[in-house]
Amino acid sequence: MSREAVGKLIDQWINDTEFRRQMRADPTGAVQRTGARLEPDEWAALSNVDWSLSDEELRGRANFL
């Protein structure tokens, strides 16, 4: 997946409240519903995110993918 596509996922997370809710409930499903295709290392990074953190804390870690 290109950096541009990863950037779009991050932008969507930052700007879309519903997407943030979906990411907290089911990160894998939320990303899959966008149609994005992640590489294994990107999926690994995604699975290591602590989705219980506040929006502000997660925003500070926006390079999680």
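Going by the structure above, here's the rest.
For the structure given in this document, a descriptive report is provided here. On a predicted model such as this, the values are computed, not experimentally measured, just so you know.

Here's the deal with the overall build of the protein
Helix and strand counts for the protein come out as 5 helices and 0 strands. The order of helices and strands in the protein, counted from the N terminus, is α-α-α-α-α. By its C-alpha atoms, the protein is 25 × 20 × 20 Å across when sized along the principal axes. Expressed as a percentage of the 65 residues in the protein, the buried residues total 31%. For the protein, the share of sequence-separated contacts (at least 6 apart) that also reach a separation of at least 24 residues comes to 45%. Accessible area of the protein: about 4200 Å², with a carbon and sulfur share of 46%.

Quick notes on the pattern of salt bridges
Here the structure, examined in full by the defined rule, presents 4 salt bridges. Salt bridges sharing common partners tie together Arg20, Arg24 and Asp55.

A few points about the packing of aromatic side chains
What the rule picks out here adds up to 0 aromatic pairs. Positioned over the ring face of tryptophan 13 is arginine 20, at 5.7 Å from the centre of the ring.

A short note on the packing of helix α1 (residues 3-15) against helix α2 (residues 17-25)
In contact at an axis separation of 5 Å, α1 and α2 are set at 105° when each is read in the N-to-C sense. With respect to their mutual orientation, α1 and α2 come out roughly perpendicular. Across the interface between the two elements, Leu9, Gln12, Trp13, Ile14 and Asn15 of α1 pack against Thr17, Phe19, Arg20 and Met23 of α2. Of the residues contributing to the contact of α1 with α2, the split by class is 5 nonpolar, 3 polar and 1 charged.

Considering the environment of aspartate 55
Take aspartate 55: it is sitting in helix α5 (residues 55-59). Classification of aspartate 55 as partly exposed rests on a relative accessible area of 21%. Considered as a pair, aspartate 55 and threonine 17 are 38 residues apart in the sequence and their alpha carbons are 9.9 Å apart. Among the polar contacts listed, one links the side chain of aspartate 55 to the side chain of arginine 24, at a separation of 2.8 Å.

Let's talk about the nonpolar core
If you look at the biggest cluster of nonpolar residues, it comprises 13 residues, and the most contacted ones within it are Met23, Val31 and Trp51. Elements supplying a minimum of two residues to this core: α1, α2 and α3 (27-34).

What counts and how
- Residues numbered from 1 in each chain as written.
- Predicted model: local features only at pLDDT ≥ 70, side-chain atom pairs only at ≥ 80, totals over all residues.
- Heavy atoms only, no water.
- Helix = DSSP H or I, 4+ residues; strand = E, 2+ residues; numbered from the N terminus.
- Buried < 20%, exposed > 50% of the residue type's maximum accessible area, 1.4 Å probe, protein only.
- Contact = heavy atoms within 4.5 Å.
- Areas by Shrake-Rupley, 256 points an atom, 1.4 Å probe, with all protein chains shown as cover.
- Salt bridge = Lys/Arg side-chain N within 4 Å of Asp/Glu carboxyl O.
- Phe/Tyr/Trp six-rings, centres within 6.5 Å; stacked < 30°, edge-to-face > 60°.
- Lys NZ or Arg CZ within 6 Å of the ring centre and 35° of its normal.
- Axes fitted to C-alpha atoms, helices over the stretch in contact; angles between N-to-C directions.
- Parallel < 35°, antiparallel > 145°, perpendicular 65-115°, else oblique.
- Nonpolar A, V, L, I, M, F, W, Y, C, P; charged D, E, K, R; others polar.
- Polar contact = N/O pair within 3.5 Å; in protein donor to acceptor, adjacent residues only side chain to side chain.
- Core = buried A, V, L, I, M, F, W, Y, C linked by side-chain atoms within 4.5 Å.

Just geometry here; none of it tells us what the structure is for.
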